[in-house]
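# Close look at the chain arrangement
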Amino acid sequence: MLESLQQPYVQRGLIEILILAVPAGLLGTWIVLRGLAFYSHAVGTAAFPGLVLADGLGFAAPLGALAAATVFTAGTFSLGRARRTGEDSITALVLVACLAGGVILASDVFASGANVDTLLFGSLLLIDGGDIALAAVAAALAVVATLVLGRHWLARGFDPESAKALGAGSPAIDFALLALIALATTAALTAVGALLVTALFVVPAASARLLTRRVPQLQLLAVALAALEGVLGLWLSVETDAPPGPTIATLSGAGFALALALRWALRRPRVLAVTALGAALLALAGCGGSDDDGPRVVATTTEVADIVRAVGGKDLEVERLLEPNTDPHEYEPRPSDVSASADAELVFRSGGDLDDWTEELLSDSGSDAALIDLSEDLPVRLHGEGEFDPHWWHDPRNAITAVEEIRNELAATYPDHARQYTLNARSYLRELRELDAGIERCIGAVPASDRKLVTDHDAFGYFAGRYGIDVIGAVIPSITTQAQPSAGELAELADVIRREGVRAVFPESSVNNRLADAIARDTGASAEYTLYGDTLGPEDSPAATYLGMEEANADAIVRGFTGGERGCRIPAIR
Amino acid sequence: MPDSGNPVTLAATADLAAGYAGAAAIEGVSFRIEPGQRLGLLGPNGGGKTTLFRALLGELRPLAGSLSLAVGCATVPQTERSRLDFPVTALDVARMGALSRLAWWRRPGRSERARAIAALEAVALADRADAPFGELSAGQRQRVLIARALVQDARLLLLDEPFTGLDSAAARRLEALIDELAAEGRGVIVATHDVDQARAWDLVLCLNRRQVGFGAPESVLSREVLEATYAGHIVEIPVNGDRQARGILPPHHHHHEEGE
């Protein structure tokens, strides 16, 4: 099977591709990171007039190609420096000029039109000593330049605006990169041909980038991939009698697809595990149910995730999409969210405009999970600027209904665990009723005339409605934190606060509280008690759970109302 | 106002104009910053804050007036999306600060690595040194870029709207770090939209294509100056007594659709 590799012309091809893999992987890394793919493709193609000249005048083809690549690089670089924008357009402009020059030379000067096309395709099977020498020079220069200039190229690519301040600002550094790419692609031209230079210089590095997180690893993997794909491609082409260039290109394309698939699998540990366990497990899963790692559901907001966890207990894994203390109005899904949603059987959402991205997330991830909108059957639903005010959980009676719905959905989906879910829900419902009664007692002890709430995000309509609190205003007078207050609204609010003798303004934990502070400062009210509106607090805070959050809010509100004299503790929920 | 003949001035401009392709984007900029001062650079989007930074970094030549820098600047830019998937760790980014301290052919060695780690420690991110830059939070990324400036040993730091996208805890942390940098004798210029924040610093420079005001916040931030700076986006909050509080409407950083 390996006998074919013992032919001398195949061995020369092997040596050539192994040497070329070095500059291809090293420079390919910078081509990919610096967005030079089009340039690297163009500089090979732009060698065309040089090849025509060499063919017509009878000197060595690599020399002609090198001369044309030099002209091309100098032209692109100087035009690109003069006009800083649109580097790709400039590359295209110079490329067209080179190609036009090549066509004129070929058809009108040397009348060699018939074999022009073949100049752009090289062959790994026709390598001579000169080709190998040129490739070796390119490889050596690429290694030296990577060692010496690599960190400059990295700094410039990472942060071009700061390059000058960082001492990586010299344009010569970028010129060196362009010139080296020109030299290396020219060297590759005679091996794989101009049109397939990309296969060697761009694709392996692009594949390696998918699988690595640091530049040195990326470069090593890119070199290894280029070498592997080159050798495999050459061997395959010899075995199947196909041209080596296109075979290598096809292989590197397949390598890229494989890298994509591998990255996809690496980011979904479950998928990888399933793949590793193989077909036997899949067959088993077909008979015994696919939930070998237990029931698993997704919840959008921190409150919903906590409530679902309380009902699910140990018998349920809950993937939470939003992090504590972040504003749900500004959520953008991460890749892990997409994969979690794709794997789940049930997705619980809070509803309204807080998590209206859920449906899109589910359809993008290709999930067939059942989506449960907890806001649909609530006993108390307030009007808001959207279809309704989505902060329903601040009325524990709504939470009670939600718990019942979660229990029913979980029990129906995972009948094996239904008993446990029912027991968990029963004790949690008891705590919710204690919470509701406790807050009612605390707030009831404050005289009704002192219960005036000003917060910086009107998320507390349900809480206020439930416990007889008068909402005087919100510093951000809108239902979402994306809105901005107007001057008139702020002035009016400051007036009202003074007129009503409001003692405290309550900033919300996840919202920047400068506006609340400013209002408090200008009106003499206190702004030291924060409320949890949209999200739970972080892991170690008292508001890390739904019960803790509502107790913390009640405590802050009572302290604000009473000038810090009294708080609110509900021992029964602990 | 600082003494104009002060020999330790970090940077000073006199009637500076700078811009692109010969057209001035900012004009008449005259300011100076001394060691240990925090300067809030206020102005609307497109008001020339970035142009001034680029002039200080030496990327733009003055079209008129003078610009003198006694020390090297370091910049802490906003994080663009493209930067987030760059394959570098926090430590890699901090080490980029060593480039300016070495001859171009010299490779950074152990001492540069130690400096980078010390700088990450100074911004309380030593434990995240090996984390990919793109996986850090917005506040952590700002601090890594500040660590890079510390490795550069820059005496003057330019922070381009560093509070954008930070939650209040991260913003407080960054404010404290800025105070520390100033306490070490560095100058810090912070482009910001937050007038209240700038009030707490030593100097403000109001820029709206030309310099509207420069000096101590209490003397510069009058209603007239703010109106000229932000061209009418002023919020006035009437308060008890004869004092009036003013604020600037925060600009829209996010382009989400408004709730229906």
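Residues numbered from 1 in each chain as written. Chains lettered and ligands numbered in written order. Predicted model: local features only at pLDDT ≥ 70, side-chain atom pairs only at ≥ 80, totals over all residues.

## Regarding the overall build of chain A
Looking only at helices and strands, chain A has 23 helices and seven strands in total. Out of the 574 residues belonging to chain A, those deemed buried represent 51%. Contacts in chain A between residues at least 24 apart in sequence constitute 66% of all its contacts with a sequence separation of at least 6. (Helix = DSSP H or I, 4+ residues; strand = E, 2+ residues; numbered from the N terminus. Buried ≥ 20, exposed ≤ 12 C-beta atoms within 10 Å, placed from the backbone. Contact = placed C-beta atoms within 7 Å.)

## Points about the packing of helix 11 (residues 203-211) of chain A against helix 13 (residues 244-266) of chain A
Axis angle and axis distance: for two packed helices, these are the angle between their axes and the distance between the axes, and together they describe the pair. All names here are of chain A. Direction vectors running N to C along helix 11 and helix 13 enclose 10°, while the axes themselves pass 9 Å from each other. Regarding the angle of helix 11 to helix 13, the classification is roughly parallel. The segment helix 11 lies against helix 13, with Val203, Pro204, Ala206, Ser207, Leu210 and Leu211 engaging Ser252, Gly253, Gly255, Phe256, Ala259, Leu260, Leu262 and Arg263. Partitioned by chemical class, the residues of the contact of helix 11 with helix 13 number nine nonpolar, four polar and one charged. (Axes fitted to C-alpha atoms, helices over the stretch in contact; angles between N-to-C directions. Parallel < 35°, antiparallel > 145°, perpendicular 65-115°, else oblique. Nonpolar A, V, L, I, M, F, W, Y, C, P; charged D, E, K, R; others polar.)

## Re the sheet that holds strand 4 (residues 64-69) of chain B
The pairing of strands in a sheet comes from backbone hydrogen bonds and takes either a parallel or an antiparallel form. All names here are of chain B. The antiparallel open sheet is built from three strands, whose spatial order is 2-1-4. The open sheet has two edge strands, strand 2 (23-33) and strand 4, and neither has a second partner. Neighbour-to-neighbour, the strand axes of this sheet turn through a mean angle of 35°, independent of strand direction. The sheet contact formed by strand 1 (residues 11-20) and strand 2 spans seven bridges and is antiparallel. Bridge pairing in strand 2 links Tyr20 to Ala23. Across the sheet, helix 1 (residues 49-56) touches strand 1, strand 2 and strand 4, and the angle it forms with strand 1 is around 115°. (Pairing = 2+ DSSP bridges.)

## A short note on the packing of helix 1 (residues 8-33) of chain A against helix 7 (residues 129-158) of chain A
All names here are of chain A. At a closest axis distance of 9 Å, the pairing of helix 1 and helix 7 adopts a crossing angle of 20°. With respect to each other, helix 1 and helix 7 are oriented roughly parallel. When the axes of helix 1 and helix 7 are compared, the crossing they make is left-handed. Contacts between helix 1 and helix 7 involve Arg12, Ile15, Glu16, Ile19, Leu20, Val22, Pro23, Leu26, Leu27, Trp30 and Leu33 on the former and, on the latter, Asp131, Ile132, Ala135, Ala136, Ala138, Ala139, Ala142, Val143, Thr146, Trp153 and Gly157. (Left-handed = near helix turned anticlockwise from the far one by under 90°.)

## Description of the pairing of strand 5 (residues 73-76) of chain B
Residue and element names in this part refer to chain B. With burial as the criterion, each face of strand 5 is covered, one bearing Cys73 and Thr75 and the other bearing Ala74 and Val76. Note that strand 5 and strand 6 (residues 156-160) share four bridges and pair parallel. Bridge pairing in strand 6 links Ala74 to Leu157.

## Here we look at helix 1 of chain B
In terms of burial, helix 1 of chain B is largely enclosed, as eight of its eight residues are buried. B:Gly58 sits one or two residues past helix 1 of chain B and shows a positive phi near 85°.

## Here's the deal with the sheet that holds strand 3 (residues 38-42) of chain B
Residue and element names in this part refer to chain B. Spatially, 5-6-7-3-8-9 is the arrangement adopted by the six strands of the open sheet, whose pairing is mixed. Sheet topology places strand 5 and strand 9 (211-215) at the edges, where each strand pairs with a single neighbour. Averaged over all neighbouring strand pairs, the angle between strand axes comes to 15°, with direction disregarded. The pairing of strand 3 with strand 8 (residues 203-207) spans four bridges and is classified as parallel. Counterpart to Leu41 in the pairing with strand 8 is Leu205. Taken strand by strand, helix 6 (residues 168-183) contacts strand 3, strand 6 and strand 7 (187-192), and its axis lies near 150° from that of strand 7. Contacts from helix 9 (residues 223-230) reach strand 3, strand 8 and strand 9, with the element oriented near 135° to strand 9.

## Concerning the confidence of the model for chain A
Confidence in the prediction for chain A averages 80 pLDDT; 82% of positions are at 70 or higher. Predicted confidence is poor over residues 477-483 of chain A, with pLDDT under 50, and the contacts of this stretch with residues over four places away or in other chains come to 25 contacts. (pLDDT = per-residue confidence, 0-100.)

## Re the nonpolar core
Formed by 156 residues in total, the largest nonpolar core has its most connected members in A:Leu27, A:Ala46, A:Ile181, B:Ala94, B:Ala147 and B:Leu157. A total of 13 residues in this core trace back to one element, the largest contributor, which is helix 1 of chain A. Apart from the residues lying within four places of it in its own chain, the contact partners of A:Ala46 are A:Ala68, A:Ala69, A:Phe72, A:Leu95 and A:Cys98. One finds A:Leu362, A:Leu547, A:Ala552 and A:Ala554 within the second-largest nonpolar core, a separate group that totals 80 residues. (Core = buried A, V, L, I, M, F, W, Y, C linked by C-beta atoms within 7 Å.)

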